[in-house]
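Listed here are the chains, written in short residue letters.
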Amino acid sequence: MDNISIQFDHVGKLYRLGLVGTGTLRQDLYRWWQTKILNKEDPFLKVGEVNDRTHKGNSDYIWALKDISFDVKQGEVVGIIGKNGAGKSTLLKLLSRVTSPTTGTIRANGRIASLLEVGTGFHGEMTGRENIYMNGSIMGMTRPEINRKLDDIVEFAGVERYIDTPVKRYSSGMTVRLGFAVSAFLEPEILVVDEVLAVGDAEFQKKAIGKMQDVSRGDGRTVLFVSHNLGAIKNLCERGVVLNNGELVFDGNVDEAVDFYLQDAGNGEEGRIVDAITYRKDYISIASIEINGSESNRQTINKRQDFLDITIKGETANPIKCDVKLIIKRLDGTPLAAYIEGRYTDKLITLQPGPFEINRRIRLPRYLANGDFIIDLYLNQPSTQDFFRARGCLNLHIEGFYDPFTRPLILGKDGFIGLESE
């Protein structure tokens, strides 16, 4: 394993849906006899199916991971990308020895520090300081070594006031801050970080990504990073590994990996815009959302139609003042433009109890290039509250927008270029 920090060799993880074990004592004994006594392959591996969470299969056995093989060199920063249920967290748990692989072998050269979920490796009854010493001892560090790092850990985590308070009283954000600081500063050869960083605030995420860059580039340590924040993946990682339904489908340059993932994600099933609502006030119901006369969440427009006609129909039990808020983002989640006119002009819509219909025509900025974009849609009272949120409700394909700056653009306070309405 010269210069190889991690090696996954035909790794697979099989799970049985529902009950623990095979379901019957006879099957459990048969598996034990075949694998432990006769040293044969697990007979239930043959009936395992690909882990597609969206479809009902014929078998109770699924491959959370199947035949995964790739190497990670020392000092590499690798982003693990994939949809929910693709096997990303399972891969990191296998590497961190939280569970063992069903097939294949994992070889790691050096100490591993893992941050897989809020509170990983922490004892709730122990203080933050005691947990730092405990984690350092588990990693094989001496007390003087931990003493040298203690101040840096506490300062980075920003929990000086609470360091002698039991961790069970920490918020999830404070716990993540301390957990990451412990993992990063106690000098592991391999740092494994799951989506847990999303729990932290924007300031801490920026600090954490900067620290991971220092760890890899300055100290030559290996980082495996799982995140749905594709901007962070591209900013931090040099290489990307894409998983889909438990299988490795791409391994290469991080920009190419993100493009591959987004192209694959863009081929999902067509649905309704209204189905993307993830939050709604109890006293409001939304019957339908139409954009350009269609309820479909996938639409194409060209230069002959440089606007979005939005119609929202529903019913409210309470009188409310509201406005439509719209954000245009790249496929990797980077915001490009926002329509939040009501925040600056106070041109709010007043809805009385009963059925309502809201209509807005929002013109798109000409600087949008040809390509694919994501629309977030909100009904809100600016700077006060949201009445519903529909993030990623529309995948918009734009063709023919090649005339830049044909009319003035409005620079909003949020740093985005504003959109005009009619």
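Calculation rules
Residues numbered from 1 in each chain as written. Predicted model: local features only at pLDDT ≥ 70, side-chain atom pairs only at ≥ 80, totals over all residues. Heavy atoms only, no water. Helix = DSSP H or I, 4+ residues; strand = E, 2+ residues; numbered from the N terminus. Buried < 20%, exposed > 50% of the residue type's maximum accessible area, 1.4 Å probe, protein only. Contact = heavy atoms within 4.5 Å. Areas by Shrake-Rupley, 256 points an atom, 1.4 Å probe, with all protein chains shown as cover. Patch = residues over 30% accessible without salt bridge, like charges linked within 9 Å, V, L, I, M, F, W, Y side chains within 5 Å. Salt bridge = Lys/Arg side-chain N within 4 Å of Asp/Glu carboxyl O. Lys, Arg positive; Asp, Glu negative; His and termini not counted. Charge placed at Lys NZ, Arg CZ, Asp CG, Glu CD. Expected span 1.5 Å × (residues − 1). Axes fitted to C-alpha atoms, helices over the stretch in contact; angles between N-to-C directions. Left-handed = near helix turned anticlockwise from the far one by under 90°. Nonpolar A, V, L, I, M, F, W, Y, C, P; charged D, E, K, R; others polar. Parallel < 35°, antiparallel > 145°, perpendicular 65-115°, else oblique. Core = buried A, V, L, I, M, F, W, Y, C linked by side-chain atoms within 4.5 Å. Phe/Tyr/Trp six-rings, centres within 6.5 Å; stacked < 30°, edge-to-face > 60°. Lys NZ or Arg CZ within 6 Å of the ring centre and 35° of its normal. Pairing = 2+ DSSP bridges.

**Student:** Can you help me understand the overall build of the protein in this one?
**Tutor:** Secondary structure summary: the protein contains 9 helices and 23 strands in total. Buried positions account for 47% of the 422 residues belonging to the protein. Taking all contacts inside the protein whose residues are at least 6 apart in sequence as the whole, residues at least 24 apart take part in 71%. Split by element, the accessible area of the protein, about 21,100 Å² in all, is 46% carbon and sulfur.

**Student:** Mind showing me how you'd approach a negative patch on the surface here?
**Tutor:** On the surface, a cluster of negative charge is made up of D151, D152, E155 and E160. Among the secondary structure elements, D151 is positioned in helix α4 (residues 143–157).

**Student:** Whenever I open this one, the side chain of K211 confuses me. Can you help?
**Tutor:** With respect to the helices and strands, the residue K211 is situated in helix α6 (residues 202–218). If we ignore the near neighbours within four places in the chain, the residues touching K211 are F156, F180, A184 and F185.

**Student:** What exactly am I supposed to notice about helix α5 (residues 172–185) here?
**Tutor:** In an α-helix, one turn spans 3.6 residues, which is why side chains three or four residues apart end up on the same side. Over its 14 residues, α5 runs 20 Å from end to end, which matches the ideal 20 Å to within 8%, given 1.5 Å per residue. Here α5 lies mainly inside the structure; 13 of its 14 residues are buried. At the exit of α5 stands E187, carrying a positive phi of roughly 55°.

**Student:** Got a minute to help me understand the packing of α4 against α5 in this structure?
**Tutor:** Helix packing geometry: the angle between the two helix axes and the distance between the axes. Where α4 contacts α5, the axes come no closer than 8 Å and their chain directions differ by 145°. As for how α4 packs across α5, the hand of that crossing is right-handed. In this structure, α4 uses K149, D152, I153, F156 and A157 to contact α5, whose residues at the interface are R177, L178, F180, A181, V182 and F185. Its residues placed into classes, the contact of α4 with α5 shows 8 nonpolar, no polar and 3 charged.

**Student:** Even after reading the chapter, I still don't get the environment of N253, so can you show me in this structure?
**Tutor:** Looking at the secondary structure, you find N253 in strand β10 (residues 247–253). A relative accessible area of 36% means that N253 is categorised as partly exposed. Between the C-alpha atoms of N253 and V78, which are 175 residues apart in sequence, the distance is 9.6 Å. If we ignore the near neighbours within four places in the chain, the residues touching N253 are E238, R239 and G240.

**Student:** For this particular structure, what's the right way to read the packing of helix α3 (residues 128–138) against α4?
**Tutor:** The interhelical angle for the contact between α3 and α4, taken along N-to-C directions, is 130°, at an axis separation of 10 Å. One way to sum up the angle between α3 and α4 is to call them oblique. Handedness of the crossing formed by α3 with α4: right-handed. Two secondary-structure elements touch here, α3 through R129, I132, Y133, G136 and S137 and α4 through R143, I146, N147, L150, I153 and V154.

**Student:** What exactly am I supposed to notice about the nonpolar core here?
**Tutor:** In summary, soluble globular proteins display a tendency toward joint burial of nonpolar side chains. Within the largest apolar cluster, 49 residues are counted, with the highest numbers of intra-cluster contacts made by I81, I132, I153, L178, F180, M212 and F225. With 8 residues, the top contributor of residues to this core is α5. Setting aside residues up to four positions removed in sequence, I81 forms contacts with K88, L230, I233, V241, V242, L243, A257, V258 and Y261. Formed by 36 residues, the second largest nonpolar core is a distinct cluster that contains V324, F388, A390 and L394.

**Student:** Hey, could you run me through the packing of aromatic side chains in this one?
**Tutor:** Two measures describe an aromatic ring pair: the distance that separates the ring centres and the angle between the ring planes. Taken as a whole and assessed by the stated rule, the structure comprises 4 aromatic pairs. Counting every residue linked through ring pairs, the aromatic cluster contains F156, F180 and F185. Directly above the aromatic system of F185 lies the positively charged group of K211, at a separation of 4.0 Å from the ring centroid. The positively charged end of K325 is found above the aromatic ring belonging to Y378, 4.8 Å away from the centroid.

**Student:** Please clarify how the sheet that holds strand β7 (residues 190–193) should be interpreted in this entry.
**Tutor:** Strand order in the open sheet made by the 6 strands is β6-β7-β8-β4-β9-β10, with mixed pairing throughout. What marks the edges here is a single partner per strand, and that holds for β6 (112–115) and β10. The mean angle between the axes of side-by-side strands here comes to 15°, regardless of whether they run parallel or antiparallel. As defined by bridge partners, strand β4 (residues 77–81) adjoins strand β9 (residues 239–244) across 4 bridges and the pair is classed as parallel. In the strand pairing of β9, G79 is matched with G240. Strands β4, β6, β7, β8 (222–226) and β9 of the sheet are contacted by helix α2 (residues 88–95), whose axis makes an angle of about 150° with β8.

**Student:** Even after reading the chapter, I still don't get the pairing of strand β1 (residues 4–16), so can you show me in this structure?
**Tutor:** Successive residues of a regular strand alternate their side chains across the two faces of the sheet. Two elements, β1 and strand β3 (residues 61–73), share 9 bridges in a ladder whose sense is antiparallel. Note that in β3 the partner of Y15 across the bridge is I62. Of the pairings in the sheet, the one linking β1 to strand β5 (residues 103–108) comprises 5 bridges and is antiparallel in character. When the bridges of β5 are listed, I6 appears paired with A108.

**Student:** Mind showing me how you'd approach unusual backbone geometry here?
**Tutor:** Most peptide bonds take the trans configuration, and most residues that are not glycine carry a negative phi. Within the chain, R97 stands out as a residue other than glycine whose phi angle is a positive 65°. With respect to the helices, strands and loops of the structure, R97 is situated in the loop between α2 and β5. For R97, a relative accessible area of 64% gives the class exposed. Notably, N292 is not glycine yet its phi reads approximately 55°, a positive angle.

Nothing here speaks to function; it is all geometry.
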